[in-house]
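Topology and contacts: notes
If you want the building blocks of each chain, they are given just below.
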Amino acid sequence: MKQSKLMMFMPEMRIFWFFILLLLGVLGTTFFELSPVLKIVSFVILTGIGFIVYVNTTQITRKNLETKTAYARLQNVISNLRDGVIVYDQNFKIYIFNSAAENILSLKAEEIIGQTFTLKLKEGMQPKYRLLLMLLFPALAPTVIRRTEAGAYPQITDFSFDNPQLDLRVTTTEVRDEDGYAVGYMKVVRDRTRELALLRAKNEFITIASHQLRTPLTGISWAWETLHGETLTSEQKEVVENGREATSYLLKIIEDLLQTAQIEEGRFGYQFTEVDMKKFAEEIVGEYMPVAKEKQVSLYLDAPKESVTLMADADKLRIALSNLVDNGIKYNIPGGEVTVTIELPTKEPFVKVSVKDTGLGIAEETLPQLFKKFFRGEEVKQREVNGSGLGLYIVKNIIRRHGGKIWAESTPNRGSIFSFTLPTDPSLIPPKEIVYEEE
Ligand code: ADP
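Structural notes, computed from the coordinates.

Definitions and cut-offs
Residues numbered from 1 in each chain as written. Predicted model: local features only at pLDDT ≥ 70, side-chain atom pairs only at ≥ 80, totals over all residues. Heavy atoms only, no water. Near = heavy atom within 4 Å. Polar contact = N/O pair within 3.5 Å; in protein donor to acceptor, adjacent residues only side chain to side chain. Areas by Shrake-Rupley, 256 points an atom, 1.4 Å probe, with all protein chains shown as cover. Helix = DSSP H or I, 4+ residues; strand = E, 2+ residues; numbered from the N terminus. Nonpolar A, V, L, I, M, F, W, Y, C, P; charged D, E, K, R; others polar. Pairing = 2+ DSSP bridges. Axes fitted to C-alpha atoms, helices over the stretch in contact; angles between N-to-C directions. 1 Å grid on protein atoms, 1.4 Å probe; cavity = no way out; pocket = protein on both sides within 12 Å on 5 of 7 lines; lining within 4 Å. Points joined across faces, edges and corners; volume = space filled by probe spheres on them.

1. Notes on the site of the ligand
Around the ligand, the surrounding shell holds 19 residues, and the nearest of these are Asn327, Tyr331, Arg376, Gly377 and Leu392. Taking lysine 330, its side chain carries an N or O atom lying 3.2 Å from an oxygen atom of the ligand. Taking glycine 389, its main chain carries an N or O atom lying 3.1 Å from an oxygen atom of the ligand. When isolated, the ligand has an accessible area of 530 Å², and the protein chains bury 97% of it. Broken down by secondary-structure element, the contributors of at least two residues to the shell around the ligand are helix H10 (314-330), helix H12 (391-401) and strand S13 (415-423). Residues of the shell around the ligand, tallied by class, amount to eight nonpolar, eight polar and three charged.

2. Structural notes on the sheet that holds strand S11 (residues 350-357)
Spatially, the five strands line up as an open sheet ordered S8-S10-S11-S13-S12, and their pairing is mixed. Each of the sheet's edge strands pairs with one partner strand only, and the pair in question is strand S8 (298-302) and strand S12 (406-411). Taking each pair of neighbouring strands and ignoring which way they run, the sheet shows an average axis angle of 15°. Summarising the sheet, S12 and S13 pair through six bridges and their orientation is antiparallel. Considered in S13, the bridge of serine 410 is made with serine 416.

3. Digging into the layout of surface pockets
Considered as a void within the structure, the largest pocket measures approximately 1,600 Å³ in volume. Along the walls of the largest pocket sit 49 residues, with Lys252, Tyr288, Asp326, Lys330 and Asn386 positioned nearest its centre. Those elements giving two or more residues to the lining of the largest pocket turn out to be helix H7 (193-228), helix H8 (234-264), helix H9 (277-294), H10, helix H11 (378-383), H12 and S13. By residue number, the principal contributor to the lining of the largest pocket is H8, which donates 12 residues. Of the residues assigned to the lining of the largest pocket, the class counts are 16 nonpolar, 17 polar and 16 charged.

4. Side note on the pairing of strand S2 (residues 94-97)
Alignment of strand S1 (residues 84-89) against S2, held across three bridges, turns out to be antiparallel. Within the sheet, the bridge partner assigned to tyrosine 88 lies in S2 and is isoleucine 94. If you look at the hairpin formed by S1 and S2, you'll find four residues sitting between the two strands, and phenylalanine 92 has a positive phi there, around 65°.

Shown next, in the form of structure tokens:
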């Protein structure tokens with residue numbers, strides 16, 4: 001049916017049809033008894049009123065028809081989305097519950113739409129509503145990871161349920177009326193169960209393979225070390241040296257892969273204790289002195305007189321700082337310098353640690369890529385073949401887990417500065433280890 005025809009039969013047009021009937025009634029009963037002048041006058045008046053009624057009602061009808069069409073289209077889009085969509089008001093009364101939400105939560109829209117869910121309902125609520133209730137009130141869910149700051153919208157939260165295994169990412173946005181007042185919320189629910197199962201399987205494979213490779217490689221490494229201590233000809237020495245280097249490189253890659261897999265599964269296992277940052281940095285710088293010397297690089301520590309302690313996982317922090325110092329030496333030039341600086345908190349409760357080198361530097365366009373998994377700069381690939389590209393990814397995760405930030409500044413051919421912060425206030429340390437995902 002054409003839109004204009006359709007409009008004529010919409011309920012909003014009733015007033016117009018009623019008026020026409022009234023008009024016909026009036027005309028039928030009294031019109032013919034009127035004088036010719038009055039006939040003309042009343043005809044003009046009634047037609048005028050009829051015209052106004054017609055214009056007004058068709059306008060309202062058109063608007064309503066447009067709204068209905070737009071709503072139907074929106075309903076169609078929402079119901080065909082692969083992600084679940086749940087819309088509810090401030091009182092948690094559900095208005096929209098699309099078919100993807102039905103599938104993910106094993107519920108039927110008709111039993112949900114119009115229902116009001118409250119925390120009080122928790123007791124005595126049918127078990128089938130359990131998942132929905134936890135999505136609406138995340139405090140009830142056993143495993144929840146907030147990906148965004150509390151109170152800020154859109155809010156991204158990851159839920160993980162056992163039995164059956166279900167991994168959901170829920171994005172909550174506010175629904176506002178025309179005047180900008182929040183009238184409800186919309187939750188978009190993405191089922192990531194399969195995606196995460198694949199990630200777990202991949203990490204499991206890497207973990208098993210790395211463990212299996214590590215044991216024999218450690219044996220080979222010991223064999224090279226034993227030979228290294230023997231009296232050898234210069235040719236034999238070279239062979240042993242190459243063997244030692246290749247084995248330690250392989251062990252480092254395996255260690256990096258293992259750590260990456262553990263980080264991605266959220267089970268790197270942090271143990272926080274009190275750490276004296278000055279002593280800690282002194283130890284690492286001391287350990288790297290021979291490496292720096294071998295590369296003809298001078299290594300310095302610039303620390304304040306006062307000691308500064310904070311809560312940290314010393315083993316993990318060791319991995320982080322060692323990686324930065326190692327890079328500073330590795331990507332340096334003979335005669336270059338690496339300086340580790342510790343700065344005490346000033347305004348904010350954070351200690352700042354920076355590792356400055358006078359090495360190759362990094363091109364500006366490369367800086368945003370540095371902390372991504374497997375990234376290796378083109379400039380360094382030819383010069384330094386050894387490297388997994390996982391070091392900085394691991395470092396970033398460790399710093400984030402401590403509630404700190406990490407960043408890099410650099411001038412090509414002049415050097416780079418990698419800086420990170422660590423909170424001195426333990427309440428700024430995230431409560432849980434979260435699975436880090438690249439932005
Ligand atoms: P890897 O050192 O194993 O390649 P990293 O994750 O530690 O992996 O570093 C990634 C890349 O960042 C390096 O390949 C290099 O291109 C660049 N990079 C890191 N540190 C420095 C540095 N101090 N100077 C110059 N480039 C650096």
